[in-house]
Amino acid sequence: MAQEQIVMNRDAKVYVAGHKGLVGSAIVRRLQREGYTNLLVRTSGELDLRDQKAVNAFFEHEHPEFVFLSAARVGGIKANWEQPAQFIYDNLLISANIIHASYVYGVKKLLFLGSSCIYPRECPQPIKEEYLLTGPLEITNDAYAVAKIAGIKMCQSYNRQYGTNFISCMPTNLYGPYDNFDLNSSHVLPALIAKFHAAKRDSKSEVVIWGSGKPYREFLYVDDLAEAVFHLMRTYSGSEIVNIGTGRDTTILDAAKIIQEVVGFKGALTFDTTKPDGTPRKLLNVNRLKNLGWQAPTELREGIEKTYAWCLQNNAFDK
Ligand code: GFB
């Protein structure tokens, strides 16, 4: 069903779920820069999004008009592999509670954030939105992916049955300020930034890269993601999902070499092939987003330089 465009005025009440995270914090920065004055946020300590009663009470009391659903349990390949139960449970509940409450309490528009890992492992590349549910998922993150697919289906189902305006977008692998730099639970870019930094600081002779270094990944700077979702919130309505990426990818080894140069580490790179590679490649086709008027401006090296500078200024490795 075609939706009419709803204007998100600067005084609209906008709830950013997950505002402490990599994505949510970038969305808050973007909205603040644009002059949005009525932002609604809650930490997980203040509001447990897995608790349906608490979420309903929050929506009933606050009545947000717009919702960015950027709250999720996220992590890199190791965390996804080791804690699939937590990833599927938390993400199913977070999405179900917020999407349902948004319908019940009359939210004008909601934007749901999925992930490029929702697509089948052996997809033709670059991955078009219509490849969703056309084949088996990558096993290292299938629990997380199923929860995210459920979120997409909820948005589409509520639009169809209840006439809501819930849109879904699928970002590629993200990185930037306020990322998680913990080596056990982080994604590859923050992990390697932290590893190269520590190796340089401690005059180590090598940095260990998990897996073979051969998988390809597409990396998007999180401020670009925030720009894209802001653009979609203002200009796009519809049930079709929208990929958000750069349209370019790189091997893990080449990404590691960029980080090595940016950090200034002179030692060797070695590989721990007991660690999984995960999916061989997941490059998004971003034509739909381009046709909607948006392209990612930040090159990988520039994004890594900005992220490393932010880490140094904010003592990110000590947290
Ligand atoms: O970013 P990452 O953890 O997750 O790993 P995925 C990407 C690739 O980098 C894998 C390799 O091939 C890893 O083996 N890698 C090399 C490392 N060194 C490291 C390291 O020190 N730490 C990490 N973490 N990886 C996640 C999914 O998949 O991506 C989530 O598990 C989500 O569900 C997210 O979709 C965006 O790209 O493989």
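For the structure itself, look to the data block above.
Residues numbered from 1 in each chain as written. Predicted model: local features only at pLDDT ≥ 70, side-chain atom pairs only at ≥ 80, totals over all residues. Heavy atoms only, no water.

### Details of the overall build of the protein chain
Of the regular secondary structure elements, the protein chain holds ten helices and twelve strands. Projected onto its principal axes, the C-alpha positions of the protein chain cover 60 × 40 × 35 Å. Residues counted as buried form 52% of the 319 residues belonging to the protein chain. Expressed as a percentage of contacts within the protein chain between residues at least 6 apart in sequence, the contacts between residues at least 24 apart total 82%. Accessible surface, the protein chain as shown: approximately 14,200 Å² in total, 50% of it carbon and sulfur. Within the protein chain, the 34 negative side-chain charges are centred at a point lying 1 Å from the centre of the 36 positive side-chain charges. (Helix = DSSP H or I, 4+ residues; strand = E, 2+ residues; numbered from the N terminus. Buried < 20%, exposed > 50% of the residue type's maximum accessible area, 1.4 Å probe, protein only. Contact = heavy atoms within 4.5 Å. Areas by Shrake-Rupley, 256 points an atom, 1.4 Å probe, with all protein chains shown as cover. Lys, Arg positive; Asp, Glu negative; His and termini not counted. Charge placed at Lys NZ, Arg CZ, Asp CG, Glu CD.)

### Section: helix α1 (residues 22–33)
A rise of 1.5 Å per residue sets the reference length of α1, with its twelve residues, at 16 Å; its end C-alpha atoms lie 17 Å apart and thus fit the reference within 8%. Counting buried residues in α1 gives nine out of twelve residues, a clear majority hidden from the surface. Looking at α1, one finds that the buried residues are L22, V23, G24, S25, A26, I27, V28, R30 and L31. Looking one or two residues beyond α1, the residue adopting positive phi is G35, at roughly 95°. (Expected span 1.5 Å × (residues − 1).)

### Let's talk about the packing of helix α6 (residues 188–201) against helix α10 (residues 300–313)
Two numbers describe how α6 lies on α10: the axes approach to 11 Å, and their chain directions differ by 60°. By the angle class used here, α6 and α10 are oblique. Handedness of the crossing formed by α6 with α10: right-handed. When α6 is examined against α10, the residues L189, I193 and H197 are found in contact with a partner set consisting of L300, I304, T307, Y308, C311 and L312. Along the lines of polarity and charge, the residues of the contact of α6 with α10 split into seven nonpolar, two polar and no charged. (Axes fitted to C-alpha atoms, helices over the stretch in contact; angles between N-to-C directions. Parallel < 35°, antiparallel > 145°, perpendicular 65-115°, else oblique. Left-handed = near helix turned anticlockwise from the far one by under 90°. Nonpolar A, V, L, I, M, F, W, Y, C, P; charged D, E, K, R; others polar.)

### Quick look at the site of the ligand
With respect to spatial proximity, 22 residues lie near the ligand, and among them I77, K195, R217, P276 and D277 are the closest. P276 is positioned with one of its backbone polar atoms (N or O) 2.7 Å from an oxygen atom of the ligand. Expressed as a share of its isolated accessible area of 710 Å², the protein-covered part of the ligand is 97%. Every element with two or more residues in the shell around the ligand is listed here: α3 (77–82), α6 and β7 (206–210). Looking at the shell around the ligand, the element that brings in the most residues is α6, giving three residues. Of the residues in the shell around the ligand, the class split is ten nonpolar, eight polar and four charged. (Near = heavy atom within 4 Å. Polar contact = N/O pair within 3.5 Å; in protein donor to acceptor, adjacent residues only side chain to side chain.)

### Considerations on the packing of aromatic side chains
In this description, a pair of aromatic rings is defined by centroid distance and the angle of the planes. The final tally for this structure, using the stated rule, is 15 aromatic pairs. Taking 5.6 Å as the distance between ring centres and 80° as the angle between the ring planes, the aromatic pair formed by Y103 and Y158 counts as edge-to-face. You can see Y103 sitting in helix α4 (residues 84–104) and its partner Y158 sitting in helix α5 (residues 142–162), a full 55 residues away along the chain. Between the aromatic rings of Y158 and Y162, the centroid separation amounts to 5.2 Å while the plane-to-plane angle is 75°, which identifies the pairing as edge-to-face. (Phe/Tyr/Trp six-rings, centres within 6.5 Å; stacked < 30°, edge-to-face > 60°.)

### Points about the environment of I77
Relative to the helices and strands, I77 resides in helix α3. In this structure, the C-alpha to C-alpha distance between I77 and G278, residues 201 residues apart in sequence, is 7.1 Å. Excluding residues within four positions of it along the chain, I77 makes contact with T140, W210, P276, D277 and G278.

### Topic: unusual backbone geometry
The omega torsion of the bond from Q125 to P126 falls at -10°, within 30 degrees of zero and hence cis. The backbone of L133 sits at a positive phi, close to 60°, despite the residue not being glycine. Of note, L133 is situated in the loop between β4 (109–113) and α5. Overall, L133 belongs to the exposed group, its relative accessible area being 56%. Non-glycine residue N315 carries a positive phi angle of around 45°. Checked against the element boundaries, N315 lands in the segment after α10. The class of N315 is partly exposed, set by a relative accessible area of 47%.

Everything listed here is a matter of coordinates, which is why it stays silent on function.
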